[in-house]
Amino acid sequence: MDRTRVLGTTGYVPDGVLSMKEIANGVRRRRRVGDIPPVYPNGWFGLIESHKLAIRQTVPISILGLNLALFRDEKGNAHALNAYCPHLGAHLAVGGRVLGNCIECPFHGWRFRGDDGKCVYIPYADKIPDVAQVKSWPIQDVNGWIYLWYHAEGLEPTWVIPEIEDIVKGNWTYKGRTEHHVNAHIEEIPLNGADVIHLNQVHGPGLVAGVDLRHMYARFWEFIKHIWTATWEPYPPPDGHLASITLKHCLNLCGVPFKMLNLDVFARQIGPAIVYLEFRSIFGKGIYIQSVIPTEPMVQKVVHNIYVSKSVPTLFAKFLLLAEAIQFERDIMIWNNKQYQHKPVFVKSKEDSLMMRHRRWFSQFYSENSPRMTFQKESLDW
Ligand code: FES
Ligand SMILES: [Fe+2]
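Note that the coordinates shown come from a computational prediction; the quantities given were computed from them, not determined experimentally.

> It is not clear to me how the overall build of the protein chain should be interpreted in this structure. Could you clarify?
On a plain count of helices and strands, the protein chain comes out with 6 helices and 20 strands. Computed over C-alpha atoms, the radius of gyration of the protein chain comes to 22 Å, within 12% of the 21 Å expected from 2.2 N^0.38 for 382 residues, which places it in the range of a compact globule. Across its three principal axes, the protein chain shows a C-alpha extent of roughly 80 × 50 × 45 Å. Classification of the 382 residues of the protein chain by burial places 35% in the buried group. Within the protein chain, counting contacts between residues at least 6 apart in sequence, those at least 24 apart form 57% of the total.

Listed below in structure tokens is the structure:
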């Protein structure tokens, strides 16, 4: 399964006159962004699913305001280098070849080593200048993803991504992915994990009620209801970059519980941009892997992959992935149109204070030099 929704295809209110793309661009231009925190937090970020980078393959990637040349060397190790050749500025991953553990620039053939980005060969010169080097970024190739470490102060990784044993050992099998492009500040997406009230508001109406918030409360669908209970809790140090979410899902049909779709979820937020949601269903266990990939200050590409144990029928795994996508598309309609609320009006309640705690928890991923959105481009069309 591979369901992709790019910007302008979901999460906006159509008016019957303009195309969805025109509406999306209009909302994007007119929207008050709000007093947003820095746009690129520090931590590990998904670059690409591991199987999409074959040996000797190169991929140009834009993420976190960086332009990168990603490649897999002949031994199978992935490398991410700054994309532009120091010679005359060609993009290394647009036509560059992989040779051994190097990438060769397509323009004049200089070769750069993946491990440290040093130029090790210039076809027409014996002496290689010291400054002939590009930055090589820390990479982790684990759980089916290639992750990149980003830190605005240039720190080396201060934590690593835990391996999911059942994926690495092949006990769980891959059943598909979804990809959504969301027009919002990155922090809005993980905040959902600590927002327990929205669960029954936004995700309560049955899946058949669809993804359009305007229609999903229609009387007609009232016989079917998802019921959620949830907790959110940050880990104590030294694992303060993690937070745990427990979620319980039940389905009610005309007020009667339908046990087939009971789902117990134990999720970990791993830094600012990765969530691993392990679940137990009536058929067996599995995991959703969520990767939030900031491609622009206010645009996130969000990929969900699903892996399940052998006892889970493929059709059921695909249903779970589709169900998740439908629920996520409801969130997108909120995110695409909202502003970032710098000073939310909260009421005295454990629910709102949980969101406050999430704000505090997330602020650890910003540092002094974290990039801020300083200007608005004349046109934000895409
Ligand atoms: S631009 Fe890369 S070798 Fe000349
Ligand atoms: Fe949500």
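> Could you clarify how one ought to interpret the sheet that holds strand E3 (residues 58–63) in this entry?
Strand pairing within a sheet occurs via backbone hydrogen bonds; the two strands may be parallel or antiparallel. The 4 strands are arranged E3-E4-E5-E10 in an open sheet whose pairing can be described as antiparallel. The open sheet has two edge strands with one neighbour each: E3 and strand E10 (136–137).

> What is the right way to look at the environment of proline 257 in this model?
Residue placement: proline 257 occurs in strand E16 (residues 256–257). Each C-alpha atom of the pair proline 257 and histidine 226 lies 9.7 Å from the other, and the pair is 31 residues apart in sequence. If we ignore the near neighbours within four places in the chain, the residues touching proline 257 are Cys250 and Asn252.

> I'm lost on the UniProt feature "domain: Rieske" (unreviewed entry) in the protein chain in this one. Help?
The UniProt record annotates "domain: Rieske" (unreviewed entry) at residues 44–148. The distance separating the terminal C-alpha atoms of residues 44–148 is 5 Å; by composition the span is 0% helix and 44% strand.

> Is there a simple way to think about the sheet that holds strand E7 (residues 102–104) in this case?
Strand order in the open sheet formed by 4 strands is E6-E7-E8-E9, with antiparallel pairing between adjacent strands. Of all strands in the sheet, those with a lone pairing partner are strand E6 (97–99) and strand E9 (119–121), marking the two edges. On average, each strand axis in the sheet is tilted by 35° relative to the strand beside it, whichever way the strands run. Two elements, E7 and strand E8 (residues 111–113), share 3 bridges in a ladder whose sense is antiparallel. Across the sheet, the residue bridging to cysteine 102 is arginine 113, located in E8.

> Sorry, what's going on with the nonpolar core here?
The nonpolar side chains of a soluble globular protein tend to be buried, and buried together. By size, the foremost hydrophobic cluster in this structure holds 73 residues, and its most contacted members are Phe45, Leu47, Ala69, Leu70 and Leu92. Here this core gets 7 residues from one element, more than from any other, and that element is helix H5 (residues 314–337). What leucine 92 contacts, discounting residues up to four positions off in sequence, is Ala69, Leu81, Ala83, Cys85, Ile103, Cys105 and Phe112.

> How do you make sense of helix H6 (residues 350–363) when you look at a structure like this?
Given 3.6 residues to a turn, an α-helix orients residues that are three or four positions apart in the same direction. The first and last C-alpha atoms of H6 sit 20 Å apart over 14 residues, in line with the 20 Å expected at 1.5 Å per residue. Turning to H6, the residues buried within the fold contact helix H3 (188–191), strand E14 (224–234) and strand E15 (242–253).

Parameters at a glance
- Residues numbered from 1 in each chain as written.
- Chains lettered and ligands numbered in written order.
- Predicted model: local features only at pLDDT ≥ 70, side-chain atom pairs only at ≥ 80, totals over all residues.
- Helix = DSSP H or I, 4+ residues; strand = E, 2+ residues; numbered from the N terminus.
- Rg over C-alpha atoms; globule rule 2.2 N^0.38 Å.
- Buried ≥ 20, exposed ≤ 12 C-beta atoms within 10 Å, placed from the backbone.
- Contact = placed C-beta atoms within 7 Å.
- Pairing = 2+ DSSP bridges.
- UniProt positions renumbered as here; feature names shortened; annotations may be inferred.
- Axes fitted to C-alpha atoms, helices over the stretch in contact; angles between N-to-C directions.
- Core = buried A, V, L, I, M, F, W, Y, C linked by C-beta atoms within 7 Å.
- Expected span 1.5 Å × (residues − 1).

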